[in-house]
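Residue-level structural notes
Listed here are the chains, written in short residue letters.
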2 protein chains.
Amino acid sequence: MYLHCPFLCLFAPFFVPWACMQSFEIDKSDLLRVKAALEGDDATLQEVLQQYHSSEIAIIFEKLEPEERERIINILPTDEASSVISEMDEEHHPAELLVNLTPEKRSEIVEELDYDDATDLISQLDEEDQKEILDDIDQEDATNIRALLSYDEDTAGGLMNTELIKVNINHTKNEALEEIISQSEEMEEFYTLYAVNDDDELVGILSIKDLIKAKKQVRVEELVNKDFVYVKADLDQEEVAKLISQYNITSIPVVNDGMKLLGRITVDDIIDVMEEENTEDILKISGVSEDEELAGGWRDAVKSRLPWLVINLATAFLAASVIRAYDDTLDKLPIIKAYITIIAGMGGNAATQALAVTVRRISLSNLNDKQAYVTVTKEFLVGLTNGAVNGIIVSMVAVWYDANPLLGLVLFFAMTGNVIVAALTGATVPMLLKRVGIDPAVASSIIITTFTDCIGFLLPLWLATKLLL
Amino acid sequence: MYLHCPFLCLFAPFFVPWACMQSFEIDKSDLLRVKAALEGDDATLQEVLQQYHSSEIAIIFEKLEPEERERIINILPTDEASSVISEMDEEHHPAELLVNLTPEKRSEIVEELDYDDATDLISQLDEEDQKEILDDIDQEDATNIRALLSYDEDTAGGLMNTELIKVNINHTKNEALEEIISQSEEMEEFYTLYAVNDDDELVGILSIKDLIKAKKQVRVEELVNKDFVYVKADLDQEEVAKLISQYNITSIPVVNDGMKLLGRITVDDIIDVMEEENTEDILKISGVSEDEELAGGWRDAVKSRLPWLVINLATAFLAASVIRAYDDTLDKLPIIKAYITIIAGMGGNAATQALAVTVRRISLSNLNDKQAYVTVTKEFLVGLTNGAVNGIIVSMVAVWYDANPLLGLVLFFAMTGNVIVAALTGATVPMLLKRVGIDPAVASSIIITTFTDCIGFLLPLWLATKLLL
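Keep in mind it's a predicted model, so treat the numbers as computed, not measured. Just so you know, the residues in each chain are numbered from 1, in the order the chain's sequence is written. Chain labels run from A onward and ligand labels from 1 onward, assigned in the order the entries are written. Thresholds applied to this predicted model are a pLDDT of at least 70 for local features of residues and 80 or more for the giving and counting of side-chain atom pairs; totals over whole chains, interfaces and linings are not thresholded and use all residues. For the side-chain quantities, the full set of heavy atoms in the structure was used; hydrogens and water were omitted.

Our focus in this paragraph is the side chain of Thr 329 of chain A. Runs of H or I in DSSP of at least four residues are treated as helices and runs of E of at least two as strands, each being numbered from the N terminus. Along the polypeptide, Thr 329 of chain A turns up in helix H19 (residues 327-332). Only protein chains enter the accessibility calculation, which uses a 1.4 Å probe; a residue whose area is less than 20% of its type maximum is buried, one above 50% is exposed, and one in between is partly exposed. Given the relative accessible area of 2%, Thr 329 of chain A is considered buried.

Here it is, written out as structure tokens:
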């Protein structure tokens with residue numbers, strides 16, 4: 001199975017009819033139903049839309065035209081409309097949709113949104129549009145959103161929501177419950193309660209379970225858990241995600257330097273961060289700028305990819321200069337031409353493998369000196385084995401097909417050597433980058449591959465010059 | 001900045017001293033402190049360990065020897081010890097640690113674990129060890145764990161926890177609260193309450209907030225939200241993760257075909273699934289078997305990577321045969337040798353870029369026919385632009401350095417053509433694979449690159465033969 005798979009990949013698609021798409025939540029029939037309803041009057045459309053959850057409508061939106069989205073938003077109740085907009089992927093430009101609505105509808109929707117979602121949306125607009133929207137809405141909401149806009153969007157502050165439930169540690173159980181009920185009026189759901197002192201400093205977290213179970217006159221102070229994880233507002237979002245994942249918690253409080261409670265980050269926001277960071281990792285390792293929008297236009301894609309290609313072209317000339325330097329050997333031993341491309345190519349592949357494993361490992365946890373040493377030893381052994389096996393195959397071809405045993409020997413050593421160098425490069429370069437504070441994923445396979453190309457041409461040509469001429 | 005970065009990557013590390021490692025939660029000084037305490041008596045060790053959260057000890061464990069881990073587990077209180085074991089990464093073999101404990105300690109720990117965590121651990125053992133552990137522990141726990149072991153570990157059933165809080169819809173508010181307090185006795189935390197009918201069938205979810213706010217005599221039925229998302233036990237874990245991410249929920253109930261409530265999956269389990277799936281994606285796209293353990297031994301790494309390399313070697317011979325077929329051209333125009341490796345390499349790079357963007361895009365959402373068509377058009381334009389720019393650079397080099405304008409023309413067309421083919425291949429192959437039900441990530445850059453190698457050699461050699469000879 002394993003061995004057949006890649007061949008299937010290359011050829012199977014061409015023999016199988018273009019099948020119909022499927023998605024778990026929403027399939028084509030849902031899209032067609034909404035499309036059909038869009039042809040009819042508002043009442044029909046409303047009836048059809050009622051059958052869908054707001055996040056399902058957000059998915060359907062991806063396949064609709066801007067005017068169709070606008071009509072649906074205008075027809076939906078405000079709470080539903082704001083849910084749909086907040087659940088649209090940034091790639092489908094929910095902020096543009098917002099700007100095109102009437103000022104009244106727009107203000108209603110923004111006021112309905114959680115502050116963190118509103119801030120995300122508004123931050124995608126230019127300053128003029130931002131000002132217009134914020135001037136229109138309720139001024140308390142506007143103040144909160146302006147405060148959130150001041151944080152870098154990739155930090156804990158940019159991610160947090162200021163709506164949360166906090167109770168004073170001096171409250172009794174019943175006072176606390178009343179507090180909770182009144183504070184939760186405007187919140188959809190809450191999971192963790194935060195306990196603060198009279199100076200509004202965070203002193204602990206309170207479990208709703210413990211509160212319910214407690215006797216009436218017990219004070220919050222006695223119930224509070226003071227051993228909790230929190231983050232400062234300027235912490236990078238990737239670190240926040242690591243903490244939440246590491247400690248298995250569903251939300252984390254955000255504080256300023258004086259421990260004053262600023263907001264909280266919930267795990268659903270972290271899931272979005274994780275998807276974003278993983279997209280960036282896959283793109284960077286493949287030599288694509290991390291901010292290329294997956295569904296963006298071709299001009300943006302050129303901007304994001306061309307610089308890497310041009311850099312690579314420069315390094316490719318380096319590899320090509322190795323070939324030029326051994327012109328004489330190539331003249332006298334023309335048969336080696338075909339083989340050097342094989343050896344260089346295999347080095348590139350082995351390096352890509354080692355790079356992927358190492359980059360992913362580093363991004364999940366740091367390596368200490370001993371682990372780094374073990375990794376290098378491991379990759380050496382992997383390179384040696386994989387290189388030798390491929391070296392034997394290539395040399396057998398040279399012996400049988402080209403009837404040249406000495407060439408076979410040269411190719412064996414060149415292949416083994418190049419795959420070892422490749423495995424070591426793929427593993428050490430990202431580890432070194434990490435240690436000097438550069439993102440290891442930028443050691444993209446493109447750059448590493450060019451390096452192994454040079455060695456891949458150099459080794460067989462040098463060995464052939466020494467041994468065969 | 002952008003353009004300088006890759007050069008930094010290649011050379012900077014060699015000039016900078018090997019810096020000390022850093023991790024957000026735990027740094028080297030923590031490890032040294034625990035290591036030092038391990039030299040001393042149990043009291044000292046206990047005192048030091050008290051300063052750490054169980055998930056922090058789990059991180060420190062990664063750098064300790066098996067005997068050291070055992071000693072710490074034996075010294076910790078049972079609840080703490082079971083937390084540490086459940087939070088250890090599978091790669092560091094928590095199950096082996098468990099097996100090496102005394103039967104009493106082991107049983108205590110397993111009984112303390114959540115059922116889903118206990119099942120995960122036990123499933124990593126061979127049948128004999130599984131039987132021994134399950135025979136030793138409390139028989140109610142054993143029955144629950146055996147039931148969970150029967151589900152495939154990559155499905156909702158394998159992921160779910162059977163510990164949850166359910167209330168009957170006919171209960172009043174106060175009866176429900178009492179139910180909740182008694183059921184939550186053994187649970188660490190709960191977020192969602194499930195409402196069932198007399199036949200134990202799931203009819204809705206209940207928010208603790210609504211329950212607290214309700215008047216005393218209100219029945220659960222009136223508070224329940226019947227519009228909720230649930231999954232069947234056999235649903236693939238990746239689909240579960242998509243649902244949780246899509247609907248922004250913190251837990252999801254798992255039911256059988258008759259809607260009987262079997263368990264619930266919480267978002268912290270989903271974060272682990274997402275990390276796992278993302279690791280698999282990065283590995284597969286780089287030609288590494290998806291089940292290679294990142295920190296595994298070299299023999300496993302060889303098993304996981306060698307098959308891909310051998311497959312690639314076979315296809316590399318295909319590319320090499322193109323070079324052999326044009327032996328005559330290469331003889332008469334030796335200067336083209338160095339250029340064909342550049343053109344082939346650039347095609348590989350362009351294909352890797354298009355592949356990464358497309359694979360990631362497909363893994364986040366499905367593409368319909370129109371989006372697929374737009375993607376192909378976009379990649380054609382990207383390939384045309386990037387190919388032409390690189391083509392111009394290569395042809396300028398041919399004109400200035402090799403003083404051969406006609407060669408420059410051939411190289412320009414070959415580069416442009418190859419980069420277009422590469423971009424189209426990188427984008428269409430994963431889309432086609434997805435439509436025929438094969439994982440698009442197996443269209444690994446290795447396979448795609450070999451394909452572009454063939455075209456990359458063929459195009460310049462064919463053009464040169466036609467135009468220059």
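That covers the picture; the talk isn't over yet.
Right, let's talk about the UniProt feature "transmembrane region" (unreviewed entry) in chain A for a bit. UniProt positions are given in the numbering used here, feature names are shortened, and annotations may be inferred rather than shown by experiment. In the numbering adopted here, UniProt assigns the feature "transmembrane region" (unreviewed entry) to residues 306-326, 338-359, 380-401, 407-429 and 441-463 of chain A. End C-alpha to end C-alpha, residues 380-401 of chain A measures 30 Å, and it is 95% helix and 0% strand.

The phi angle at His 93 of chain A is positive, at roughly 55°, despite the residue not being glycine. Locating His 93 of chain A in the fold gives a position in the loop between helix H6 (78-87) and helix H7 (94-99). Residue His 93 of chain A is classed as partly exposed on the basis of its relative accessible area of 35%. We note that Asp 200 of chain B has phi near 65°; this positive angle belongs to a residue other than glycine. Secondary-structure assignment places Asp 200 of chain B in the loop between strand E2 (193-196) and strand E3 (202-206).

A few words on the sheet that holds E2 of chain B. Residues and elements named next belong to chain B. Pairing between strands is defined by DSSP: at least two bridges between them are needed. Reading across from one edge, E1-E2-E3 is the order of the 3 strands in this open sheet, with mixed pairing throughout. Across the chains shown, the open sheet's two edge strands, defined by having one partner strand only, are strand E1 (166-168) and E3. Along the sheet, successive strands turn relative to each other by an average axial angle of 35°, direction set aside. Note that E2 and E3 share 4 bridges and pair antiparallel. When the sheet's bridge partners are listed, Tyr 194 is paired in E3 with Ile 205. Lying over the sheet, helix H13 (residues 173-183) contacts E1 and E2, oriented at roughly 150° with respect to E1. Every axis corresponds to a line fitted to the C-alpha atoms, with the helix fit spanning only the stretch in contact, and the corresponding angles, defined between N-to-C directions, vary from 0 to 180 degrees. In this description, contact between two residues means that some pair of their heavy atoms is separated by no more than 4.5 Å.

Quick look at the packing of helix H20 (residues 336-364) of chain B against helix H22 (residues 405-435) of chain B now. All names here are of chain B. Running from N to C, H20 and H22 point in directions that differ by 25°, and their axes come no closer than 8 Å. By the angle between their axes, H20 is roughly parallel relative to H22. Judged by the twist between their axes, the crossing of H20 over H22 is right-handed. For the contact of H20 with H22, the class distribution of residues is 22 nonpolar, 4 polar and 1 charged. Each angle gets one of four labels, with under 35 degrees taken as roughly parallel, over 145 as roughly antiparallel, 65 to 115 as roughly perpendicular, and the rest as oblique. By definition, turning the near helix anticlockwise from the far helix through less than a right angle yields a left-handed crossing, and turning it clockwise yields a right-handed one. Basically, the charged four are Asp, Glu, Lys and Arg, the nonpolar ten are Ala, Val, Leu, Ile, Met, Phe, Trp, Tyr, Cys and Pro, and anything else, Gly included, counts as polar.

Parsing chain A into structural domains produces domain 1 (24-150), domain 2 (166-266) and domain 3 (298-468). An automatic or database domain assignment provides the domain bounds reported here. Centre-to-centre, using C-alpha coordinates, domain 1 of chain A lies 31 Å away from domain 2 of chain A.

All names here are of chain A. Strand order in the open sheet formed by 3 strands is E1-E2-E3, with mixed pairing between adjacent strands. Here the strands that pair on one side only, and so sit at the sheet edges, are strand E1 (166-168) and strand E3 (202-206). Sheet twist, expressed as the mean angle between neighbouring strand axes with direction ignored, is 35°. The sheet contact formed by E1 and strand E2 (residues 193-196) spans 3 bridges and is parallel. Following the sheet pairing, Asn 168 is matched in E2 by Val 196. The sheet contacts of helix H13 (residues 173-183) involve E1 and E2, and relative to E1 the element is tilted by about 150°.

This part covers the packing of aromatic side chains. Residues and elements named next belong to chain B. In this scheme Phe, Tyr and Trp rings, the latter by its six-membered ring, pair at centre separations within 6.5 Å, and the angle between planes marks the pair as stacked below 30 degrees, edge-to-face above 60, and tilted otherwise. Taken as a whole, this structure holds 4 aromatic pairs over all chains when the rule is applied. Residues Phe 228 and Tyr 230 carry aromatic rings whose centres are separated by 5.8 Å and whose planes lie at 50° to one another, so their mutual orientation is tilted. On the basis of relative accessible area, Tyr 230 is assigned to the partly exposed category, the value being 36%.

Another aspect to go through is the packing of helix H21 (residues 369-400) of chain A against helix H22 (residues 405-435) of chain A. Residues and elements named next belong to chain A. Between H21 and H22, whose axes approach to 7 Å, the crossing angle comes to 155°. Accordingly, the angle class assigned to the pair H21 and H22 is roughly antiparallel. Note that H21 runs across H22; the crossing there is right-handed. Across the contact of H21 with H22, the residue classes tally to 20 nonpolar, 10 polar and 3 charged.

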